[in-house]
Structure formats: C-alpha cells, structure tokens
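Working through the structure, step by step
As a plain string of letters, each chain reads:
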Amino acid sequence: MTSPRSNDPAALVKVVVGHASVIAALMFYLGAVYLSSFYGYFHLSPWNLGFGFSEFVTGSMSLLTLPVLVTGSVLLLAAELVRLPGPVAVGLSAMRAAVARWHLHLLLVVTGLILILLWTRLPPYYGWTAPVTLAVGLLLGHAAAGPADDKRTRSGSAPRPGGVPLLGAGLLLLWAATLGASYLGAHNAQEHAHHVGQWTGVVVLSEQRLSLNGVHEEDLGAGRRHRYRYTGLRRLVEGPDAYYVVPIGWNGDTDPLYVIPKTADTWVGLTRGS
C-alpha cells in the first residue's frame, strides 16, 4: 500500500535535501583530502590559500577517473538489476545461498584483515584494496544472512543487528576513498611538477631587487618605479596575499618555492606557458 506521505512534496524535498547534504559533505571531505595531498607535495596547505567550500568540492571531481566511473556504473546497474523480478531474482537468491554455503564472505573478511595487517608493506596505489576487501566481505555476509534474519523476525525471535556490518562496511569504504584521494593527490602533484614549463607564466616587476635564483633579471633603470623585471617564472597557485611561483627548471626535491607578495612594491603579470 502506498504510504500517505509518499506523494507529499514537502517530504520529497526533505529527502532530496538530506541526500544532497550528505553527498556535498562527502565531496567536501574527499576534496579536502585530495587538495591537502596535492599541495602538500609543494609544502603548502589549501587551508592557508584561501580555498572555500566550492574549491574543495571541485577538487573532489579530480577523483572521477575512468576506473572509478566504470565501477560506479557497474554498481548502479547491479542495484537496478536487484529490483527486477523473475530470473534475476532467482539468480540472486542462488548466489546468496552459494555465498552462505561456501562461506565466501568469511574468506573475504579474513583476506581483508590480513591485508590490513600487511597494509604498511603494500604499494601506495594498492593500499585501498585492504579496506575494500574487508567491506565487500561484510556486505556479502549481510546479504547472505538476510533471509535467515527475516525468518527469525517472523517467528518472533530477535533478529540479528544487521546495521552493524553495514556501518562497518561504510566506514571501511570511506577509509578506502580517503586513501585513494590522498594517493591520487600526491600522484597528480608529481605529474604536474614534471611539466612546469606548461604552467601559467609570471612576470614580476619590483622596486627592490629580489633574490630569485634561476630566473632572468633585467634592470630597467633608476628612473622607473619598478626598476627590476623578472621573467622565467611559472605560477603554481595564487593565494589571497601572494603568488606562489617557481622557475622553469624547478626541482621539487631541492629547489625552493618562491612567494611573491601582493604589495605596492611589486607588480605581477601573467602570460601563457610554453
């Protein structure tokens, strides 16, 4: 029977707003992890660069790589197939029975626990496999125990607390997403640092001589307000109070990151990178 509140517009709006709030909070969190790892490679923090909510949410979009999109599409398709009657439902029931009979969920749980114990020895790009394996084992175990819990509930006995495995699986998947965002941020930062010449170019005019190594300096004459001109710089990011720049031949392991403050003593212009 249809719920009396199912056609209530106010209730529908509350559900949509609630789901949107959870998604926005998750995107903000993952974006903060990603950008912290990305700018951490350059010894900066996004919290000190004046980033707001929109920048962190936008940063989370960098996690939408091809494997993530394919996995998400498969999960959405599987969720829709579960609702189909007939042969699909029979096949899912057979799969659930096979999982319960062969205890496949326990195998995945044990494997996940072993991977977590060996987590420090896993390559950085495989660290997420440990919590994902354990989470899949918990979800399969919960799915396999579903019919048994329904029978116990109908017979009057207390059902098993099924929310605990779901909560644990959710936390594990959040941990896996955090590991993936952190790794991807550092990886993308390293790739970005290998193409410094393609960054936005920076021209600096200054009243006083600046100590910038690895750049071209020109003395425009004593009669100029901004006497010194510096080229051969590339912009990493612009903060609220300064530009963070590097020379074209910058080496992230040995060379410093230059901070050009936004003051009346300096003028900064932007050009195309090569």
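Note: the structure precedes this text.
About the cut-offs
- Residues numbered from 1 in each chain as written.
- Predicted model: local features only at pLDDT ≥ 70, side-chain atom pairs only at ≥ 80, totals over all residues.
- Heavy atoms only, no water.
- Axes fitted to C-alpha atoms, helices over the stretch in contact; angles between N-to-C directions.
- Helix = DSSP H or I, 4+ residues; strand = E, 2+ residues; numbered from the N terminus.
- Left-handed = near helix turned anticlockwise from the far one by under 90°.
- Contact = heavy atoms within 4.5 Å.
- Nonpolar A, V, L, I, M, F, W, Y, C, P; charged D, E, K, R; others polar.
- Core = buried A, V, L, I, M, F, W, Y, C linked by side-chain atoms within 4.5 Å.
- Buried < 20%, exposed > 50% of the residue type's maximum accessible area, 1.4 Å probe, protein only.
- Expected span 1.5 Å × (residues − 1).
- Salt bridge = Lys/Arg side-chain N within 4 Å of Asp/Glu carboxyl O.
- Parallel < 35°, antiparallel > 145°, perpendicular 65-115°, else oblique.

**Quick word on the packing of helix H1 (residues 9-40) against helix H8 (residues 163-193)**
For the pair H1 and H8, interaxial distance at closest approach is 7 Å and the crossing angle is 40°. For the crossing formed where H1 meets H8, the hand is right-handed. Residue-level contacts link Leu-26, Tyr-29, Leu-30, Val-33, Tyr-34, Ser-37 and Phe-38 of H1 to Leu-174, Ala-177, Thr-178, Ala-181, Ser-182, Leu-184, Gly-185, Ala-186, Asn-188, Ala-189 and His-192 of H8. The residue inventory of the contact of H1 with H8, partitioned by class, reads 12 nonpolar, 6 polar and no charged.

**Considerations on the nonpolar core**
Tyr-34, Tyr-39, Phe-42 and Val-237 are the most contacted members of the largest nonpolar core, which totals 23 residues. Looking at this core, the elements with two or more residues in it are H1, H8, strand E3 (228-238) and strand E4 (242-247). Ranked by the residues each element gives to this core, the list is headed by H1, at 7 residues. Ignoring anything within four residues of it in the chain, the contact list for Phe-42 reads Ala-189, His-192, Ala-193, Trp-199, Leu-236, Trp-250 and Leu-257. Val-215, Tyr-230, Val-245 and Tyr-258 belong to the second largest nonpolar core, which has 12 residues in total.

**Details of unusual backbone geometry**
Negative phi characterises most residues that are not glycine, and trans characterises most peptide bonds. The phi angle at His-43 is positive, at roughly 65°, despite the residue not being glycine. Along the polypeptide, His-43 turns up in the loop between H1 and helix H2 (53-60). With relative accessibility at 68%, the residue His-43 sits in the exposed group.

**Notes on H8**
The end-to-end C-alpha distance of H8, which contains 31 residues, comes to 45 Å, matching closely the 45 Å that a straight helix rising 1.5 Å per residue would cover. Of the positions making up H8, those classed as buried are Pro-165, Ala-169, Leu-172, Ala-176, Thr-178, Leu-179, Ala-181, Leu-184, Gly-185, Ala-189 and Ala-193.

**Notes on the pattern of salt bridges**
On inspection of all chains with the given rule, the structure shows 6 salt bridges. Between Arg-225 and Glu-207 there is a salt bridge, with its nearest N and O atoms 3.5 Å apart. With Arg-225 in the loop between strand E2 (216-219) and E3 and Glu-207 in the loop between strand E1 (201-206) and E2, this pair connects stretches of sequence that are 18 residues apart. Given a relative accessible area of 27%, Glu-207 falls into the partly exposed group. A salt bridge links Glu-218 to Arg-229, with the shortest nitrogen-to-oxygen separation between them at 2.8 Å.

**Comments concerning the packing of H1 against H2**
One way to put it is that H1 packs onto H2 with a least axis distance of 7 Å and a crossing angle of 80°. What the angle tells us is that H1 and H2 run roughly perpendicular. Along the contact surface, H1 presents Ala-24, Met-27, Phe-28, Leu-30, Gly-31, Ala-32, Tyr-34 and Leu-35, while H2 presents Phe-53, Glu-55, Phe-56, Val-57, Gly-59 and Ser-60. Grouping the amino acids of the contact of H1 with H2 by side-chain chemistry returns 10 nonpolar, 3 polar and 1 charged.

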